[in-house]
Amino acid sequence: MSKTITTTFSHLAVGVAAALGTGLAVPALAAETTWNGYVENATYFRDGVGLSKFRNTGQAQFETVFQTDSLRSLKLNGTLRGTYDGVYDLNDGEFGKDSRHSYLGENWHSNSTISSQALLSPGVSFPCENDPTLCNNLDGYMDHKERDAKFPDFNDQLDFIRELYISADKELSNGDLLNVRLGKQQVVWGKTDLFRVLDVINPVDYSRHNIYDELEDIRIPQWMLTAEWRMGPNEVLDDSNLSLVWNFDKFRPNNLGTCGQSYRMLDAGCFFSSYLNLGPGIPIIHDVEEPNWSLKNTQLGMKWEGVYGDTTFSLNALTYRQQLPSLHFRPNPTVPGVPAFDGVFDIKFPRVNLVGGSIDYYSMNMDAIWRLEMAYTQGEELPDDSGHHETDMLRYVIGFDKNIIIPELGTRSAFLFSTQLFGEHILDHIGTMPNDEDNWIATMLFKGFYKNNRLSPQIIIAHDFAAEATAIAPSISWTPDNHWMFNVGLNVKTGGKETFPWGVARDVMGDNSGQFEPTARFLNGPIGVANQEDEIQFTVRYSF
Amino acid sequence: MLKKTFLSVAITMTVAVGAQAAAIPEEVIQASFYPYKDGVPSVEGLTPGMTINQSNVDRFKDALDPGMYHFIKNGDTEMQVGETTSFDLHPSYVEATRKYSADVQLGAGHGELSPTIAGRPFPQEPSLDDPRAGEKLAWNYKYGYNWGDSAAIMPFYWTMRDMDSGKKERTIKFNFHFLNFTHRTSQDPYPKIEPNPSELFRGTYVQALEPFDVKDTQLLIQRFEDDTKVDNAYLYLGFQRRVRRLSTGQTTDAFLGTDVMIEDFEGYNGRISDMNWAYKGTRYMLMPFFSHNELQLDNETHQDSDGYQVVAFGGQGGCFPNITWQLRKVYEVDSIPIDQNHPISKRTHFMDAQTFTIPRTVVYDRKGDMWKNWVIGQAHPDHHLPINKGTGVAIDDAFTMIDMQAKHCTTGQFKGIVDPALSPVDKFSVQNMRASGR
């Protein structure tokens, strides 16, 4: 159960008042603080590998509500998290700084193509502890040390502060509400599960558990200012509001996982810490050009949303940075067609402009919910044969949710059936891009409830059509009381068989056939590249 | 919506071209709102202060609903008898009935009603000869004074219990808020709040506070004036941080795993048009009406600075509220789902004739067997929190929903507060759910 503490604040109150310009001039504010949280152990075993996760997490969150007559509400929220993943101590032969790989991509494909046999070296685990050159080149991005993987929340960005923000509501003279929220926070747009279309304001830490953890736990909170003008109903709309979000934090990209970690999305970390086997070896990455903090490098978004009858909608616009790395080829200044000897690619994160919207609709005839979400972007850079190619992108999701009572399955509780089709269209597609011009990923969730919802089996299936890759994740959770939760699940994947020709193999070795490395990882996607990560997963959580 | 507009026009024209309906006779008003003015009912041998238990329950079988009779006969609980007291509704609601209800008529279709403004739509005594008497009583319930124009339950403890062992499995702590957008009589503005483009009748907003796994879960139900329109229901899940629409399948589902469906809230929380309503007769029955301040209360579950304590529970498995029961005038009404796939075959409601609350409901499964018993204890507002005095609201104060087949129950302990400041209009919006979440 949560704990409530009543106290008074003086300096903080004055600071809050000043920050919000409310003219609040009281010497002290009565405040009530509520704390709660959990401790959790997640232990996962991977087929053929052994222990793949022994993650121990403690999280506490608090909310302090200040009593004030000047504002409708004034709150301070915080979430603190500490994580220790013992897999690097308990299975250090497979994961960690001492782990070694016989060839690049050995964790997801055979060594049957020339690219990983001869052209590319295996990735170096935790390069900052094994290879000073790579460490220097990757400076600032996926250059974690083993300690960072063991204790991912404790770093220079103070990630143990998951959230810390002040939120204030001010009632305007016409009855509208103005909300201002300032601090480290997550801002969630859109209506999609598992994949992100509009929910792109916060970057994501995929090294925690690929795409499978709740986004709440893997979004990387950012220092942001949000302002919402809640207009409420008018003669046409039942609800309407306009919000602005200013992400003034230093840009942070998605964390895909450093080579040597147990979860590394697309195995990108190992590719970035490998060498092209020409001469003494050319580092794949020469430099990571993360944008420095400056006003023009901050990110800005706007959303208008409302409710019209049976329909809720939003219109969104965002100028931000691509959160996935874009590889920019570095030609050799003296030898045409050959990369620079001090590194093949620079990693950049281009500016992206997004417009989009979402809508959901309740169909009375079907007694079901339809969801549609769409985003059009300009400025994204996708991988191609020799680096990157800028293209406009269209992403969309069609979702369908329905609750179904199936007495034959032994419960009077309704089952939740939720399915969605995530589509991606590359507007300026060229043949040397590994990604199809159009691709779709379908997901399905079927979840049941027994014993007053304390026993809940579910199955999640995701299928990537272009990659011909499928993930199947059945699980069952048991919540015996207010404190304990036990979950056991399987996570099984297939796929990872797709290859794609690589210009270097053609030019250097005369091999024009499909290669696994390096670009087929983009075609096989996060499901296909994880094809050897079949796991049984146990989680136990105690909440307080 | 269009259908209702046509109906309204048709009825308005009928009224316009015909004679103006006569005012409701004052004796009808008096009989409807003050049934105990000339004396309280009695049953031979039944006296305030006595206890009905396994040994004497058969003597009072006619004064008990079948569910409570079963539990007492089985030794699961005993019933303390209290004095019958009048729960006078707020005078503004009575006056609105005088002013607006003379012209109210059922529409031709099921779930259709002529335009109403406020007050009890059908204050006349129901008749067994009237095939639509049950429907009229259902409308009286829907537009009843209930929680008044707005109120909050802060906090609201729901405890899931094993009836055999008495083990408390889970306790969920909520805040509930209610607001009438229309049919308002006592809180400014009345009779309606504007703008209201979708013509909402009522909003119910629920926020889960504890335990951690459901913390920040929020539910918003918007009911329309047009009863043929399905409620809008929205759910905010804390871990997803976004608002999801709910299909109605979830309104007949176990709400957060409790024994209560969303459709069960307050006795019945659905459309009139979802059910066939059958009036079965008027009875004098023991009903869970009491004075909160005169009970032995639970001093463990909730403490706060004003000293308020919630109703205690006892009996088999701790499934029964420790309250007193009054002999009261009751309308027995069956509601039978029109949807053949509905998880129940019928509910038998025992509507309190004076307040038109539904403090007792017996739920039957699809085979027709008794499945659940729903008790919502009503506290007199003048013997509760000081702020509730004079509000004329029968305060929902303790509930139990007992699943007799699973031997399981969910109990509810309330702190009901009739204070419009706790339930502003913007609390009943989708945007508020996003803003109130993390």
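Let us look at the structure shown here. Quick caveat, the model's predicted, so the values are computed rather than measured. Throughout this document, residue positions are counted from 1 along each chain, in the order its sequence is written. Chains carry letters from A onward and ligands carry numbers from 1 onward, assigned in written order. At least 70 in pLDDT is required for a residue's local features to be given in this predicted model, at least 80 for side-chain atom pairs to be given and counted, and no such filter applies to totals for whole chains, interfaces and linings, which use all residues.

1. Here's the deal with the overall build of chain B
- Secondary structure elements are defined from DSSP: runs of H or I of at least 4 residues count as helices, runs of E of at least 2 residues count as strands, and each element is numbered from the N terminus. Each helix and strand counted, chain B has 6 helices and 20 strands in total.
- For this measure, only C-alpha atoms enter the radius of gyration; the expected value for a globule follows 2.2 Å times N^0.38, where N is the number of residues. Relative to the globule expectation of 22 Å for 438 residues, the C-alpha radius of gyration of chain B, 21 Å, shows essentially globular dimensions.
- Viewed in the frame of its principal axes, chain B has a C-alpha envelope of about 65 × 60 × 45 Å.
- Across the 438 residues that make up chain B, the buried fraction comes to 58%. Three classes are used. A residue is buried when 20 or more other C-beta atoms lie within 10 Å of its own, exposed when 12 or fewer do, and partly exposed in between, with C-beta atoms placed from the backbone.

2. Looking at unusual backbone geometry
- A:E517 connects to A:P518 through a cis peptide bond whose omega is -10°.
- Following the sequence through the fold, A:P518 ends up in the loop between β25 (514-515) and α9 (520-528).
- Going from B:E194 to B:P195, the amide bond is cis rather than trans, its omega being 0°.
- Summarising the element assignment, B:P195 is placed in the loop between β4 (168-180) and β5 (200-210).

3. Comments concerning the interface of chain B and chain A
- By definition, residue pairs are in contact when their C-beta atoms, positioned from the backbone, come within 7 Å. Each partner contributes residues to the interface: chain B has 38 residues there, and chain A has 50 residues.
- Sorting the residues of the side of chain B that touches chain A by element identifies β4, β8 (242-245) and α6 (430-436) of chain B as the ones contributing at least two each.
- Of the residues contributing to the side of chain B that touches chain A, the split by class is 13 nonpolar, 14 polar and 11 charged. Three classes are used, and their members are as follows: Ala, Val, Leu, Ile, Met, Phe, Trp, Tyr, Cys and Pro are nonpolar, Asp, Glu, Lys and Arg are charged, and the others, Gly among them, are polar.

4. Notes on the nonpolar core
- With 121 residues, the main nonpolar core has B:L137, B:F174, B:L220, B:Y234, B:L286 and B:M351 as its most contacted residues.
- Looking at this core element by element, the count peaks at 7 residues for strand β3 (residues 150-162) of chain B.
- When sequence neighbours within four positions are dropped, the list of residues in contact with B:M351 reads B:L137, B:Y141, B:V330, B:Y331, B:V333, B:F356 and B:I358.
- The nonpolar core criterion groups buried Ala, Val, Leu, Ile, Met, Phe, Trp, Tyr and Cys residues into a set whenever they are joined through C-beta atoms within 7 Å. In this structure, A:C128, A:L318, A:L523 and A:A530 belong to the second largest nonpolar core, which totals 67 residues.

5. Some words on the sheet that holds strand β11 (residues 285-289) of chain A
Residues and elements named next belong to chain A.
- For two strands to be treated as a pair, DSSP must find at least two bridges joining them. Overall, mixed pairing links the 3 strands, which are arranged β11-β15-β14 in an open sheet. Unpaired on one side and paired on the other, β11 and β14 (326-329) mark the two borders of the sheet. Within the sheet, the average angular offset between the axes of one strand and its neighbour, ignoring direction, is 25°.
- Here 4 bridges tie β11 to strand β15 (residues 345-348), and the two strands are oriented parallel to one another. Following the sheet pairing, D287 is matched in β15 by D346. Note on geometry: axes are lines fitted to C-alpha atoms, helical ones only across the stretch in contact, with angles between N-to-C directions running from 0 to 180 degrees.

6. Structural notes on the environment of A:S273
Residues and elements named next belong to chain A.
- Here S273 lies in the loop between α7 (268-272) and β9 (275-276).
- On the basis of neighbour count, S273 is assigned to the buried category, with 30 C-beta atoms found within 10 Å.
- Taking the C-alpha atoms as reference points, S273 and N292, 19 residues apart in sequence, are found 23 Å from one another.
- Residues contacting S273, with those up to four places away along its chain left out, are G123, V124, P127, L134, L138 and C259.

7. What about the pairing of strand β20 (residues 438-447) of chain A?
All names here are of chain A.
- As judged from the 10 bridges shared by strand β19 (residues 414-426) and β20, these two strands associate in the antiparallel manner. Within the sheet, the bridge partner assigned to F417 lies in β20 and is F446.
- Bridge analysis of β20 against strand β21 (residues 455-464) gives 7 bridges, and the strand direction is antiparallel. Within the sheet, the bridge partner assigned to F446 lies in β21 and is I459.

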